[in-house]
Amino acid sequence: MGVSLSDAKSAELYVRAVQRLPGGVNSPVRAMRAIGRDPLFIDRAEGAEIVDVDGNRYVDFVCSWGPLIHGHAHPEILEAVHTAAARGTTFGAPTQGEVELAEEVARRIPSVQMLRMTSSGTEAAMSAVRLARAATGREKLLKFAGAYHGHLDGLLTDAGSGLATAAMPSSPGVPAAATATTIVIPWNDGEAVVAACARHDFAALLAEPYPANMGLVPPHEGFLELLRNQATANGALLVFDEVITGFRVGPGGAQERSGIAPDLTVMGKVVGGGLPAAAYGGSIELMNHVAPAGDVYQAGTLSGNPLAIAAGLQTLRMLDEQAYLRLGAITEAMAAGLHDAAASAGVPVQVAWVPGLFTVFFSTVPVHDYAGARACDTEAHAAWCRALLARGVYPPASQFEAWFPSLAHTPEHLDRALEAAAAAFADVA
Ligand code: KE4
């Protein structure tokens, strides 16, 4: 892994890309603007490694922003997709696989006894919000600054992820009416939750149980329980957006680890195994409000697509207890190693982690909310990420994202990554 990577082919493609795609990409964070460089175009990947069009090989800690918990191009997932594709790619009709996936999710997540598939997390979050409003007859939503639930109009206020990176508190083009019913308060602020619930009748309190779109900022002890109790007392639904944490931080996601059951769960990423699939779900009573069982309309041409179902089912079937223990150990090893490497280089960082996710905050104090994340030294973070790329490690290109280790990351990958990180911290120091 040389320090200076040649990116001539990426540069060439980028010149063409920016003429036909906004920013040259199909999703903002991929443009790498937050780390002060042009994007690398990827040619192929296998396991924990990704190779760009110039042939530079990296240990990948983005893993497509979460879906690839088994790493890239896992043979058994490819086999499942190939087998499904040979039988036809989409029918616009129900299939056995969709029933099997819903049954598997119900087994893993007791609060999701019924679900509806969509093709993206945004679509799933949007539909869950519509259902919550229909079921309660209310309109207002409570969300947390720095949380990201996809790019639906009503929730693009102080959103995290790309918006946080672009420092845009909300996006142009979002009508004021769309966000007028959204109340945004700081994460981990129990008093603000109680005050908001005293002032407003909410359809839903919406949260990423372990927020990972302002970087990973776990809930304080008791905070999720407070959300649960306040939602119940307020007559609001508690909606957990587990697009990132679902099936990653444990077999039943963050709600299993925290012991707090929401009324609705939004899922994505891992559930589609790397193909476009997401879902929202909850009790049978709630979900039977959704058309055609009920009158809450929501639909999708490719919802429950057979290829995505095949990839999702195979992904979940390979995620047994051992897999989660292993992913937890991989995550802990990376978090501890990065903490030590930064300390040795005298670079002040805070490393937050839960099994399957971690973030290196360039901050002298622990990060408890979005304001804390925004106060990080994003310039130093950007320089560190550029130095990591030059040494063959592919980090999430934003201080406001999480790193996504996979079960394909071997001890050798971790050694390579930690060696590169130590050198990159020395560069930054
Ligand atoms: P999609 O519409 O991108 O499938 O899912 C939206 C979404 C919903 N909820 C949470 C908690 C999410 O993290 C996301 C999407 N996550 C980002 C990265 N943090 C996807 C990467 C991107 O935007 O390109």
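See the structure shown above.
Residues numbered from 1 in each chain as written. Predicted model: local features only at pLDDT ≥ 70, side-chain atom pairs only at ≥ 80, totals over all residues. Heavy atoms only, no water.

Engineer: Got a minute to help me understand the overall build of the chain in this structure?
Structural biologist: Looking only at helices and strands, the chain features 15 helices and 13 strands. Taken over the C-alpha trace, the chain has a radius of gyration of 21 Å; the compact-globule value for 429 residues is 22 Å, and the two agree within 12%. Taken along the three principal axes of its C-alpha coordinates, the chain extends 60 × 55 × 45 Å. A buried classification covers 57% of the 429 residues belonging to the chain. (Helix = DSSP H or I, 4+ residues; strand = E, 2+ residues; numbered from the N terminus. Rg over C-alpha atoms; globule rule 2.2 N^0.38 Å. Buried < 20%, exposed > 50% of the residue type's maximum accessible area, 1.4 Å probe, protein only.)

Engineer: How do you make sense of the environment of Ala233 when you look at a structure like this?
Structural biologist: Relative to the helices and strands, Ala233 is located in helix H8 (residues 223-234). A residue is classified by how much of its surface remains accessible, and Ala233, at 69% relative accessible area, is exposed. Through-space distance from the C-alpha of Ala233 to that of Cys197 is 8.7 Å; in sequence the pair is 36 residues apart.

Engineer: It is not clear to me how the sheet that holds strand E10 (residues 278-282) should be interpreted in this structure. Could you clarify?
Structural biologist: Neighbouring strands of a sheet are bound in pairs by backbone hydrogen bonds; such pairs are parallel or else antiparallel. The seven strands are arranged E4-E10-E9-E8-E7-E5-E6 in an open sheet whose pairing can be described as mixed. This sheet does not close on itself; its edge strands, each paired only once, are strand E4 (114-118) and strand E6 (182-185). For this sheet, the mean inter-axis angle between neighbouring strands, taken without regard to orientation, is 20 degrees. With three bridges connecting them, strand E8 (residues 237-241) and strand E9 (residues 264-267) associate as parallel partners. (Pairing = 2+ DSSP bridges. Axes fitted to C-alpha atoms, helices over the stretch in contact; angles between N-to-C directions.)

Engineer: Please explain the site of the ligand as it appears in this structure.
Structural biologist: Neighbouring the ligand are 17 residues; Ser27, Thr122, Asn213, Asp241 and Glu401 lie closest to it. Within the side chain of Asp241, an N or O atom sits 2.7 Å from a nitrogen atom of the ligand. Isolated, the ligand exposes 540 Å² of accessible area, and the fraction of that covered by the protein chains is 86%. Tallied by class, the residues present in the shell around the ligand amount to five nonpolar, eight polar and four charged. (Near = heavy atom within 4 Å. Polar contact = N/O pair within 3.5 Å; in protein donor to acceptor, adjacent residues only side chain to side chain. Areas by Shrake-Rupley, 256 points an atom, 1.4 Å probe, with all protein chains shown as cover. Nonpolar A, V, L, I, M, F, W, Y, C, P; charged D, E, K, R; others polar.)

Engineer: Quick question: what am I supposed to make of the pattern of salt bridges here?
Structural biologist: Two side chains of opposite charge can pair, provided their charged atoms sit close to one another. Scanning all chains against the criterion turns up 11 salt bridges. Note that Arg57 is salt-bridged to Glu49, the shortest N-O span being 2.7 Å. Since its relative accessible area comes to 12%, Glu49 is described here as buried. Among the ionic pairs, Glu104 bridges to Arg108, the shortest N-O distance being 2.9 Å. Taken as a pair, Glu104 and Arg108 lie in helix H3 (residues 96-108) at a separation of four residues, close to a single helical turn. Pair check on accessibility: Glu104 and Arg108 agree, each one buried. (Salt bridge = Lys/Arg side-chain N within 4 Å of Asp/Glu carboxyl O.)

Just geometry here; none of it tells us what the structure is for.
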